Structures are given as C-alpha cells and as structure tokens.
Amino acid sequence: MAALWIPALVMFAGVCSSLSSDCTYYGLLELLNLTTSNAALEIMRPVKNWRNTTVVYLDMVLYGILGIDEKSQTVTGHIWFSVLWTNELLTWNASDFCGIKELAIPKSRLWIPDIIIKEDTSDSGSIHEDPWVILHPNGEIYSFARQRLTFTCILNLHKFPFDKQKCNITFLSMNADVKTLLLRSSDNGSSTLMRSDQFMATQGEWGLKNIDIIHDYLVGGEKNSSLLVYTVLLERKPFLYIINFVVPLVYLLVLDLASFFISVDSGEKFGFKVTVLLSVSVLLLILQDILPSTEDDLPMIANLCVGVFTLVWLSVLESMLVSFLYNLDRCCQEKNKSSIVGKVLKKKATKGQKEGDSENGEVKAEQGALPLGQLGHADLLKQVLEELKAAQQEAGGQRSPGFYTRVATIIDTLFFVGYILAFAAFVIYICVGWVDI
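Residues numbered from 1 in each chain as written. Predicted model: local features only at pLDDT ≥ 70, side-chain atom pairs only at ≥ 80, totals over all residues. Heavy atoms only, no water.

> Help me understand the pairing of strand E6 (residues 132-135), please; the structure alone is not making it clear to me.
The side chains of a regular strand alternate between both faces of the sheet. In E6, alternate side chains face the same way, and those of Val133 and Leu135 are buried while those of Trp132 and Ile134 on the opposite face are not. Bridge count for strand E3 (residues 103-106) against E6 is four bridges, and the pairing is antiparallel. Bridge assignment links alanine 104 to a residue of E6, and that residue is isoleucine 134. As paired elements, E6 and strand E7 (residues 140-152) share two bridges and run antiparallel to each other. Considered in E7, the bridge of isoleucine 134 is made with tyrosine 142. (Buried < 20%, exposed > 50% of the residue type's maximum accessible area, 1.4 Å probe, protein only. Helix = DSSP H or I, 4+ residues; strand = E, 2+ residues; numbered from the N terminus. Pairing = 2+ DSSP bridges.)

> Would you mind going over unusual backbone geometry with me for this structure?
Residues other than glycine predominantly adopt negative phi, and peptide bonds predominantly adopt the trans conformation. Cis rather than trans, the peptide bond between phenylalanine 160 and proline 161 has omega equal to 5°. Mapping proline 161 onto the fold places it in the loop between E7 and strand E8 (164-173). One non-glycine residue, glutamine 73, lies in the positive phi region at around 55°. Note on placement: glutamine 73 falls in the loop between strand E1 (54-69) and strand E2 (74-86). When its relative accessible area of 22% is taken as the criterion, glutamine 73 is described as partly exposed. The phi dihedral of cysteine 98 falls on the positive side, at around 55°, and the residue is not glycine. Inspection of the secondary structure puts cysteine 98 in the loop between E2 and E3. With relative accessibility at 44%, the residue cysteine 98 sits in the partly exposed group.

> Which parts of the structure should I look at to understand the nonpolar core?
Proteins that are soluble and globular tend to have nonpolar side chains buried together. Membership of the largest hydrophobic core comes to 76 residues, with the highest contact counts inside it found for Ile169, Phe171, Leu208 and Tyr230. Considering each element in turn, this core owes the most residues, eight residues, to helix H7 (residues 300-356). Setting aside residues up to four positions removed in sequence, phenylalanine 171 forms contacts with Leu58, Met60, Ile115, Ile116, Ile117, Leu183, Ser226, Leu227, Leu228 and Tyr230. (Core = buried A, V, L, I, M, F, W, Y, C linked by side-chain atoms within 4.5 Å. Contact = heavy atoms within 4.5 Å.)

> Explanation requested: the packing of aromatic side chains in the structure shown.
In this description, a pair of aromatic rings is defined by centroid distance and the angle of the planes. According to the stated counting rule, one finds eleven aromatic pairs in the structure shown. With a centroid separation of 6.0 Å and an interplanar angle of 85°, the aromatic rings of phenylalanine 171 and tyrosine 230 are classed as edge-to-face. Residue phenylalanine 171 is found in strand E8, and its partner tyrosine 230 is found in strand E11 (residues 223-236); the two are separated by 59 residues along the sequence. No difference in accessibility class separates phenylalanine 171 from tyrosine 230, as the two residues are buried. Members of the aromatic cluster, each reached through a chain of ring pairs, are Phe260, Phe261, Phe415, Phe416 and Tyr419. (Phe/Tyr/Trp six-rings, centres within 6.5 Å; stacked < 30°, edge-to-face > 60°.)

> Help me understand the state of the cysteines, please; the structure alone is not making it clear to me.
Note on terminology: a disulfide is the covalent bond linking the sulfur atoms of two cysteines. Taken as a whole and judged by the stated rule, the model has two disulfides. Across the disulfide from cysteine 23 sits cysteine 98; the S-S distance is 1.6 Å. Torsion about the S-S bond of the cysteine 23 and cysteine 98 cystine: about -45°, corresponding to left-handed handedness. Placement of cysteine 23 in the loop between helix H1 (2-20) and helix H2 (25-31) and of cysteine 98 in the loop between E2 and E3 is noted, with a sequence separation of 75 residues between them. The exposure class assigned to cysteine 23 is exposed, which follows from its relative accessible area of 52%. With its sulfur 2.1 Å from that of its partner, cysteine 153 forms a disulfide with cysteine 167. Judged by the torsion about the S-S bond (-85°), the cysteine 153/cysteine 167 disulfide is left-handed. (Disulfide = S-S within 2.5 Å.)

> Looking at this structure, I do not really get the environment of aspartate 22. What am I missing?
As for its position among the elements, aspartate 22 is in the loop between H1 and H2. Expressed as a C-alpha distance, the spacing of aspartate 22 and phenylalanine 97, which sit 75 residues apart in the sequence, is 4.8 Å. When sequence neighbours within four positions are dropped, the list of residues in contact with aspartate 22 reads Gly27, Asp96, Phe97 and Cys98.

> What's the story with the pattern of salt bridges in this structure? I'm lost.
Between side chains of opposite charge, a pair can form when the charged atoms approach closely. Tallied over the entire structure, the rule returns seven salt bridges. Linking glutamate 70 and arginine 236 is a salt bridge whose minimum nitrogen-to-oxygen distance equals 3.0 Å. Of this pair, glutamate 70 sits in the loop between E1 and E2 while arginine 236 sits in strand E11, and the two are 166 residues apart along the sequence. For the residue pair glutamate 70 and arginine 236, the accessibility class agrees, reading buried in each case. Put simply, aspartate 256 and lysine 273 hold a salt bridge, and the shortest N to O gap is 3.4 Å. (Salt bridge = Lys/Arg side-chain N within 4 Å of Asp/Glu carboxyl O.)

> Would you mind showing me how to read the side chain of serine 315 here?
Within the secondary structure layout, serine 315 lies in helix H7. Non-local contacts of serine 315, meaning those with residues more than four positions away in its chain, are made with Asp256, Phe260, Lys273, Phe415 and Tyr419.

> When you look at the confidence of the model for the protein chain in this model, what are you seeing that I'm missing?
For any part of a model where pLDDT is low, the fine detail of the predicted coordinates should not be relied upon. Chain-level statistics for the protein chain give a pLDDT mean of 78 and a share of 75% at 70 or above. The least confident element of the protein chain, judged by mean pLDDT, is H1 at 43; the most confident is E6 at 94. Here residues 1-19 scores under 50 on pLDDT; set against residues more than four positions off or in separate chains, the count is zero contacts. Segment residues 358-370: pLDDT under 50, and six contacts once partners within four positions in sequence are set aside and those in other chains are kept. (pLDDT = per-residue confidence, 0-100.)

Shown next as structure tokens:
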C-alpha cells in the first residue's frame with residue numbers, strides 16, 4: 001500500500017507547486033514593488049548596508065575609428081559599452097515564477113550609476129542609451145549604450161605621417177567616491193582588443209594596435225574617485241602621405257639638383273629653379289592646413305619641407321650669382337676689347353698725322369713705313385695685333401679675360417657638391433627619424 005501512495009504524493013506536490021507559482025511578469029513586479037513609482041529605488045544606492053561598496057563592471061568595445069583632428073587634438077570614433085552592477089533590493093527565486101530569469105525595467109524606475117567619460121567633447125545627441133535595463137534573479141542589472149565619441153588626446157606628431165598615438169578613454173563617477181562605487185572591467189586588454197577587431201566597422205587612415213585597461217584612482221581633496229582607463233594605441237597608415245608629400249619633395253629636390261646641368265646661356269635655368277621653389281611653397285601651404293602650429297616639437301615632415309625649401313632657395317641665389325659673374329666677365333671682355341681697339345686706332349691716327357706734316361708729303365726713308373692709307377689689309381691687321389699685344393701688356397694690372405667665368409665655375413662646382421651632401425643628409429634623416437630601428 002505504501003508503494004501505491006508515493007506516486008500519488010509526488011503528483012499532489014507537483015500540482016500544489018504549480019498552483020503556488022506565478023508565471024506572470026505582473027506578479028514578479030508586484031513582488032519587487034515595481035508596479036508603481038518607488039522613489040526609494042530611484043534615488044537610493046541599492047545596498048542593504050550603506051557600508052557595502054557597489055562594484056560597477058564596465059566593458060567597452062571600439063567598433064569604429066572615424067579619424068583624428070590634428071588641429072583640435074581630438075579623436076572621433078564609435079564605442080559600445082555595457083554596464084553591470086548588483087541591486088541588493090531586487091532579487092527573487094526564479095522557480096517561484098516559472099523560471100523567469102530576466103526582467104526588463106525602465107531606467108527611470110531604478111538607481112543608475114552616474115558614469116561619465118573624462119575626455120568626452122561630444123555633443124549631447126551623440127550617445128544612444130537603451131531606455132531599459134535587464135534585471136536578473138540575483139539582482140544583477142545590465143545596461144547597454146553606444147556613442148559616437150569625440151574625445152581629447154594629446155597627439156605627438158613628431159614622426160608624422162609615421163606616427164602612433166596613445167589615447168585614454170577614462171570612465172569615472174562624478175559624485176561617488178571609492179568607498180561607495182568602484183569601477184572595474186570584467187575583461188582584460190587582449191580580449192577587448194580581439195572583440196574590437198572582430199566588430200570593427202571602419203578604421204579610415206588609422207589602425208587599432210593595442211588596448212590596455214588600467215584601474216586607477218583620482219585624488220580630489222577628501223573624496224577619491226575610482227577610474228577605469230582604456231588606453232588605445234592607434235597607428236597611422238602613411239601611404240597616402242608618402243604619395244602626396246614625401247615623394248613630391250624628393251622629386252623636386254632631384255629636379256633642382258638636375259638643373260645644375262642646364263647651361264646659364266640658355267636662359268631657362270633661373271626660371272626652372274623658381275618654378276621648383278614655388279612647388280615646394282605649395283606643399284608647405286597644404287601641410288599647414290593639416291598640422292597644428294606647435295612650437296615645442298616641430299614634425300619631421302615640416303623640418304624636411306623647410307630644409308628642401310631652404311636648399312632650393314639657396315640654389316636660386318647661387319644661380320643668380322653665377323649668372324651675374326658670367327655676364328660681368330662678358331661685359332669686361334667687351335669693354336677691354338673696345339678700349340684696346342680705340343687706343344690702337346687713336347695711336348695710328350696720331351702717327352699718320354705726324355707723317356702728313358712732312359714738307360713734300362713723302363714718307364721718310366729711314367722710317368721704313370708707309371702711310372696708313374697705303375697699307376694693305378694684311379699689313380694693317382698685323383700692326384693691329386701687335387698694338388693689341390702691347391696694349392694688353394700695358395693693362396697688366398687689370399683682370400685677365402675669363403676670370404669671373406672661372407670664379408663662377410668654382411662656385412657652381414662647390415655648391416653642387418654641397419647640394420649632393422645635403423641631399424644625402426636628408427635621406428639619412430628620413431631613414432633614422434621615421435623608421436623604427
């Protein structure tokens with residue numbers, strides 16, 4: 001008989017249990033006193049003992065890098081973060097409510113931790129929060145939000161465009177101290193980086209290299225706040241800047257170097273160098289629109305542009321000097337020739353006048369020379385050449401012909417060698433400064 005009563009008792013207990021269980025959300029809300037507005041749950045930190053610290057777990061995923069504004073020193077990206085904390089006043093037994101393990105509650109009905117981002121410069125419409133929170137039987141509450149975040153970051157642009165930027169996203173509570181609210185992360189940096197790479201939608205010209213998580217404290221007088229810092233390491237993709245800046249600078253430098261082989265007499269050398277100088281000026285203007293004006297640490301690409309601009313500028317001045325020396329030598333030679341010829345003709349005219357003063361107009365036999373009008377072309381040319389040699393000997397204190405041309409050639413050669421050395425120095429500067437050894 002006992003064996004027959006045992007199954008009946010089990011069936012009766014199951015029926016009683018099913019009758020006592022409430023399978024509606026309304027019954028659970030009544031148990032939690034959430035059917036009506038409850039001011040205590042909205043404004044009071046949900047702990048049974050005020051000495052208990054509320055631990056808030058915050059996990060962030062970076063799923064979009066929109067860009068970096070070098071002028072304003074800000075970074076713009078998309079983040080998604082979840083917040084988890086425990087409400088000790090809202091717990092229930094899931095078996096009493098037919099296994100209900102999740103309950104959606106409006107945020108306006110509960111106490112929510114006041115967490116902000118320290119570096120945030122976004123507008124108020126950039127954040128999209130879920131108006132509901134998810135409550136679990138043990139009192140754990142989940143909240144989700146996503147934001148188009150623009151935050152400040154101190155950028156180090158010395159190696160631009162081969163730079164890496166390390167920026168912090170700091171979460172903290174505005175009013176609570178470490179004794180009442182403690183910020184923690186349930187993930188480590190490697191898992192956060194892996195999930196961010198998995199959900200990354202856009203990166204633009206930047207690549208996500210690493211994420212570190214740091215738990216810290218902010219000391220502020222009598223109150224110390226808990227900090228949760230996400231350190232994000234971003235690396236720029238330099239290919240576009242190499243095509244737009246570095247390669248044109250090198251090409252312009254090579255073209256200016258090749259202009260030394262252009263003859264000064266052609267008249268195109270000076271105009272060509274000025275054109276190259278204007279091209280470098282255009283690149284400097286474009287670079288000014290991108291980089292901020294920092295006096296402490298000038299970017300290497302700006303140093304490179306200034307160096308190339310200075311080299312081309314000196315090359316233009318050197319070209320002007322060489323052209324001036326060539327023209328000066330040519331003018332001196334023409335002036336010397338005209339003065340020597342004038343002296344010879346004047347001397348011949350004086351000699352002829354003396355011979356015409358003889359009484360019978362005859363040439364004296366002892367002179368052995370004919371009047372100027374009776375000389376042949378060959379004899380006249382011979383006498384002119386002899387007189388030119390004599391005049392050059394008399395003008396021995398003047399510059400020899402071609403002196404300024406030789407000086408210009410020496411200056412051009414020395415500047416060409418210096419230009420090549422400066423070009424090699426620029427190549428070494430790029431290799432040592434931009435490439436990580």
